[in-house]
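Observations on chain architecture
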Amino acid sequence: GIAAFELGRSTEAREAFDTVMALAEAEGDRDMLARACLNLGAVANLEGDPATALTLYHLALPLFQRLGQIRGQSQTHQSLALSYRDLARHDDADDAYREAIRLGLELGYPPIVSMATIGRAELLVLRDDPQAALGLVEWGLRLARRLEDPITEGTGLRVRAGARAALGREAEAGDDLQLALRISRETGNRLLEAETLRDLGKVALRLDDTVA
């Protein structure tokens, strides 16, 4: 399911996670049930249904809490933030990102800290504070590179490009996006590739290059 999700094959991913959920319910495996809810929420969000994603995440979170699974809690808050962001509930998204970072630091789990930090930076761009976003995204990028996490690095480059473009630094933004695009294609991450191409289009429009 996760492999299919990373390749952008959402129907295949959802079918796999539905099977996981059914098996987990039959076996009374609350940990796997929570993970199935979390993964199905990610599929719903990918398919443009953040409201359904939120419902699934709110099913996963108390299960992780009862199990004392801090990593699962931090991952769920990270996912909640993405859906809140897509629903333009920016205050809720910021709270969820902060909680993901707090739990990640408490656990000593830098991957979630890196992802949530970059997510908060993107939120700052959406809230018209690109200068603050630049400082935050640099921290997330340093973590991603230290962890040798190319997907999070590519996302960070895309977010940094958005902040730079908002500050009128289109050439630097274009360089960031070309690097993010290369990473997306080297890793086969279709979501990052699509988001990067979209953002390259936005930069082209800022430069009045409608053909590009």
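Note: the structure precedes this text.
Residues numbered from 1 in each chain as written. Predicted model: local features only at pLDDT ≥ 70, side-chain atom pairs only at ≥ 80, totals over all residues. Heavy atoms only, no water.

**Things to note about the overall build of the protein chain**
When you go through the protein chain residue by residue, the secondary structure sums to 11 helices and zero strands. For the protein chain, the N- to C-terminal ordering of α and β elements is α-α-α-α-α-α-α-α-α-α-α. Relative to the globule expectation of 17 Å for 212 residues, the C-alpha radius of gyration of the protein chain, 17 Å, shows essentially globular dimensions. The C-alpha extent of the protein chain, read off along each of the three principal axes, is 55 × 35 × 30 Å. A total of 212 residues make up the protein chain; the buried ones form 46% of that total. The contacts in the protein chain between residues at least 6 apart in sequence include a share of 50% that link residues at least 24 apart. Of the roughly 10,500 Å² that the protein chain leaves accessible, carbon and sulfur atoms contribute 51%. Charged side chains of the protein chain number 25 positive and 34 negative; the gap between the two group centres comes to 3 Å. (Helix = DSSP H or I, 4+ residues; strand = E, 2+ residues; numbered from the N terminus. Rg over C-alpha atoms; globule rule 2.2 N^0.38 Å. Buried < 20%, exposed > 50% of the residue type's maximum accessible area, 1.4 Å probe, protein only. Contact = heavy atoms within 4.5 Å. Areas by Shrake-Rupley, 256 points an atom, 1.4 Å probe, with all protein chains shown as cover. Lys, Arg positive; Asp, Glu negative; His and termini not counted. Charge placed at Lys NZ, Arg CZ, Asp CG, Glu CD.)

**Observations regarding helix 7 (residues 110-126)**
Taking 1.5 Å per residue as the helical rise, helix 7 with its 17 residues ought to reach 24 Å, and the 24 Å between its terminal C-alpha atoms agrees with that figure. Of all 17 residues that make up helix 7, 12 are buried, and the element is covered over most of its length. Buried residues of helix 7: Ile112, Val113, Ser114, Ala116, Thr117, Ile118, Gly119, Arg120, Ala121, Glu122, Leu123 and Leu124, and no others. A positive backbone phi angle near 60 degrees is found at aspartate 128, which sits one or two residues after helix 7. (Expected span 1.5 Å × (residues − 1).)

**Some remarks on the environment of leucine 200**
Following the sequence through the fold, leucine 200 ends up in helix 11 (residues 190-206). Sequence separation between leucine 200 and arginine 14 is 186 residues, and the spatial gap between their C-alpha atoms is 30 Å. For leucine 200, the contacting residues outside a window of four places in its chain are Gly174, Leu177, Gln178 and Leu181.

**Section: the packing of aromatic side chains**
What the rule picks out here adds up to zero aromatic pairs. Arginine 71 extends its terminal NZ or CZ atom over the ring of tyrosine 109, reaching a point 3.9 Å from the ring centre. (Phe/Tyr/Trp six-rings, centres within 6.5 Å; stacked < 30°, edge-to-face > 60°. Lys NZ or Arg CZ within 6 Å of the ring centre and 35° of its normal.)

**A look at helix 4 (residues 50-67)**
Here helix 4 contains 18 residues, and its C-alpha end-to-end distance of 25 Å stays within 8% of the 26 Å for a straight helix at 1.5 Å per residue. Residues Pro50, Ala53, Leu54, Leu56, Tyr57, Ala60, Leu61, Leu63 and Phe64 constitute the buried set of helix 4. One or two steps after helix 4, the chain reaches glycine 68, where phi turns positive at roughly 70 degrees.

**Examining the packing of helix 2 (residues 10-27) against helix 3 (residues 30-46)**
Axes are the key here: two packed helices are described by the angle between their axes and the distance separating the axes. Two numbers describe how helix 2 lies on helix 3: the axes approach to 9 Å, and their chain directions differ by 160 degrees. Put simply, helix 2 runs roughly antiparallel to helix 3. Crossing of helix 2 against helix 3: the hand is left-handed. Taken together, the residues of helix 3 that come into contact with helix 2 (itself represented by Ser10, Ala13, Arg14, Phe17, Asp18, Val20, Met21, Ala24 and Glu25) are Met32, Leu33, Ala36, Cys37, Asn39, Leu40, Val43 and Leu46. Here the residues of the contact of helix 2 with helix 3 sort into 12 nonpolar, two polar and three charged. (Axes fitted to C-alpha atoms, helices over the stretch in contact; angles between N-to-C directions. Parallel < 35°, antiparallel > 145°, perpendicular 65-115°, else oblique. Left-handed = near helix turned anticlockwise from the far one by under 90°. Nonpolar A, V, L, I, M, F, W, Y, C, P; charged D, E, K, R; others polar.)

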